[in-house]
Amino acid sequence: MSHLATGEPLSVQEVTVSFSGSAVLQGATVLVPEGGFTGIIGPNGSGKSTLLRSIARLLAPDGGAIVIGDDDIARLPRRELARRLALVEQNVTTDIDLTALQVVLLGRIPHQSAWQGSSEVDRAIALHHLEKVGMADKADRSWHRLSGGEQQRVQLARAFAQEPTVLALDEPTNHLDIAHALQLLATVQHIGLTVVAALHDLNLAAMFCDHLMVLHEGRVMSSGAPEEVLTPELLRAVYGVEASVEPNPITGRVAISFYPPTVSH
Ligand code: ADP
Ligand code: MG
């Protein structure tokens, strides 16, 4: 079961999405090289989840294209797309009563033939990935009895079990404590897959991503290495906050210090 993970390049080309006539994404373009880790940042409502849902073909853009390797995803059979791309959504809910292990086994479905069901190999793969996210001891726990952070880690294990080439993560650390957040990002940074993740915490994005893309009102405001993108000017323009940005002497990565907003009385 020594699966060597490899990525494929992901190219988002001029993607436009509208809901009831109003544009939520306007010509979003981003290229994630094979094995790269790109963070999508931007304020609430800027279009991050919409972009990730388009990348996973959960919604069809009004214009533009999403290409994995050499293939436009619009033309891929659903099953093949699921073998090449896994998405962990921002909030995953289910009405079905499954155990943690059964949730991870859902990731094996694109690799199974319809009549076959889960094999012993599938179970071993699922358990391996539960272990990787530190959840092996809760394999038989009901999904509904896991904490938000535990559910998030199980969803990540489900995505790993899918053995995709592209991993799309929507705010994967929002329920995690800092130790688990650092652990998760370090894991995906070194996993060898092409990773695109919407990230809320700009300092974590700066620490782990090799490329950042800033969405603001559905447009790409800036894109590049964290130290190029995360400037006080950009933070002021996009988030309306005051901050200073300095390289951390130990990590060499830029770190942001925020200043409190001026409170008027
Ligand atoms: P983010 O993830 O950056 O917070 P989203 O992509 O979730 O932003 O949302 C972008 C905008 O699109 C928001 O204004 C949101 O209200 C709107 N939106 C998202 N999904 C839908 C939908 N299914 N129908 C209508 N509007 C939507
Ligand atoms: Mg979102």
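Predicted, not measured: the structure shown is a model, and the values here were computed from it.

**Q** I'm lost on the side chain of Ser 11 in this one. Help?
**A** With respect to the element layout, Ser 11 can be found in strand β1 (residues 10-19). When residues no more than four places from it in sequence are discounted, the contact partners of Ser 11 are Val 30, Leu 31, Ala 65, Ile 66 and Val 67.

**Q** I tried to follow the layout of surface pockets on my own but got confused; where do I start?
**A** Computed from the structure, the largest pocket encloses a volume of approximately 420 Å³. Lining the largest pocket are 16 residues, with Leu 58, Ala 86, Leu 87, Arg 158 and Gln 162 sitting closest to its centre. Those elements that place two or more of their residues in the lining of the largest pocket are α2 (78-84), β6 (85-88) and α5 (148-161). Of the residues in the lining of the largest pocket, the class split is 11 nonpolar, 2 polar and 3 charged.

**Q** It is not clear to me how the UniProt feature "domain: ABC transporter" (unreviewed entry) in the protein should be interpreted in this structure. Could you clarify?
**A** In this structure's numbering, the residues bearing the UniProt feature "domain: ABC transporter" (unreviewed entry) are residues 10-242. Helix makes up 34% of residues 10-242 and strand 26%, with an end-to-end C-alpha separation of 33 Å.

**Q** Just to check I follow, could you spell out the pattern of salt bridges for this structure?
**A** Opposite charge on two side chains makes pairing possible when the charged atoms of those side chains draw close. Enumeration over the complete set of coordinates arrives at 8 salt bridges. Notably, a salt bridge pairs Glu 8 with Arg 84, separated by 2.9 Å at the nearest N-O pair. Remark: Arg 84 occurs in helix α2 and Glu 8 occurs in the segment before β1; sequence separation between them is 76 residues.

**Q** For this particular structure, what's the right way to read the pairing of β6?
**A** The side-chain alternation of β6 yields two buried faces, one formed by Leu 85 and Leu 87 and the other by Ala 86 and Val 88. Bridging between β6 and strand β7 (residues 166-170) involves 4 bridges; their strand directions are parallel. Within β7, the residue paired with Leu 85 across the bridge is Val 166.

**Q** I would appreciate a short explanation of the site of ligand 1 in the present structure.
**A** Close to ligand 1 lie Phe 19, Val 24, Pro 43, Asn 44, Gly 45, Ser 46, Gly 47, Lys 48, Ser 49 and Thr 50, which account for all nearby residues. Within the backbone of Gly 45, one N or O atom sits 2.7 Å away from an oxygen atom of ligand 1. One of the backbone nitrogen or oxygen atoms of Ser 49 is found 2.9 Å away from an oxygen atom of ligand 1. Here ligand 1 loses 54% of its free accessible area of 560 Å² to cover by the protein chains. Taken together, the residues of the shell around ligand 1 break down into 3 nonpolar, 6 polar and 1 charged.

**Q** Help me out: how do you make sense of the coordination of the magnesium ion (ligand 2) in this one?
**A** For a metal bound by four donors in a tetrahedral arrangement, the ideal donor-metal-donor angle is 109.5 degrees, while six donors in an octahedral arrangement ideally sit at 90 or 180 degrees. Bound to the magnesium ion (ligand 2) on the protein side are Ser 49 (OG) and Gln 90 (OE1), at distances that span 2.1 to 2.4 Å. Of the two residues, Ser 49 sits in helix α1 (residues 48-55) while Gln 90 sits in the loop between β6 and α3 (100-106), which places them 41 residues apart along the sequence. By relative accessible area, Ser 49 is classed as partly exposed at 21%. Judged by its relative accessible area of 26%, Gln 90 is partly exposed.

Reading guide: rules and limits
- Each chain has its residues counted from 1, following the order in which its sequence is written.
- To label them, take the chains in the order written and letter them from A, then take the ligands in the order written and number them from 1.
- Totals for whole chains, interfaces and linings use all residues, but because this is a predicted model, local features are given only for residues with pLDDT of at least 70 and pairs of side-chain atoms are given and counted only at 80 or more.
- The side-chain quantities take in all heavy atoms of the structure and omit both hydrogens and water.
- Secondary structure elements follow DSSP: runs of H or I of four or more residues count as helices, runs of E of two or more count as strands, with numbering from the N terminus.
- We call two residues contacting when some pair of their heavy atoms lies within 4.5 Å.
- A 1.4 Å probe that fits but cannot get out identifies a cavity on a 1 Å grid over protein atoms alone, an open set with protein on both sides within 12 Å along at least five of seven lines counts as a pocket, and a residue lines either if it has an atom within 4 Å of a point.
- Grid points are joined across faces, edges and corners, and a volume is the space filled by probe spheres set on the points.
- Residue polarity follows a fixed list, in which Ala, Val, Leu, Ile, Met, Phe, Trp, Tyr, Cys and Pro are nonpolar, Asp, Glu, Lys and Arg are charged, and the others, Gly among them, are polar.
- UniProt positions are given in the numbering used here, feature names are shortened, and annotations may be inferred rather than shown by experiment.
- Salt-bridge detection follows one rule: a side-chain nitrogen of Lys or Arg within 4 Å of a carboxyl oxygen of Asp or Glu.
- Only protein chains enter the calculation, and the probe is 1.4 Å; a residue is then buried if its accessible area is under 20% of its type maximum, exposed if over 50%, and partly exposed in between.
- A pair of strands is considered paired only if DSSP assigns at least 2 bridges between the two.
- Note on definitions. A residue lies near a molecule or strand when any single heavy atom of the residue is within 4 Å of it.
- As used in this structure description, the phrase polar contact means that two N or O atoms lie within 3.5 Å; if the pair is within protein, one of them must be able to donate a hydrogen and the other to accept it, and residues adjacent in sequence are counted only when both atoms belong to side chains.
- Every accessible area reported is derived by Shrake-Rupley at a probe size of 1.4 Å, with residue values counting cover from the shown protein chains alone.
- A donor here means an N, O or S atom no more than 2.8 Å from the metal, or no more than 3.2 Å when the metal is Na, K or Ca. Since water is not included, a site may seem to lack partners.

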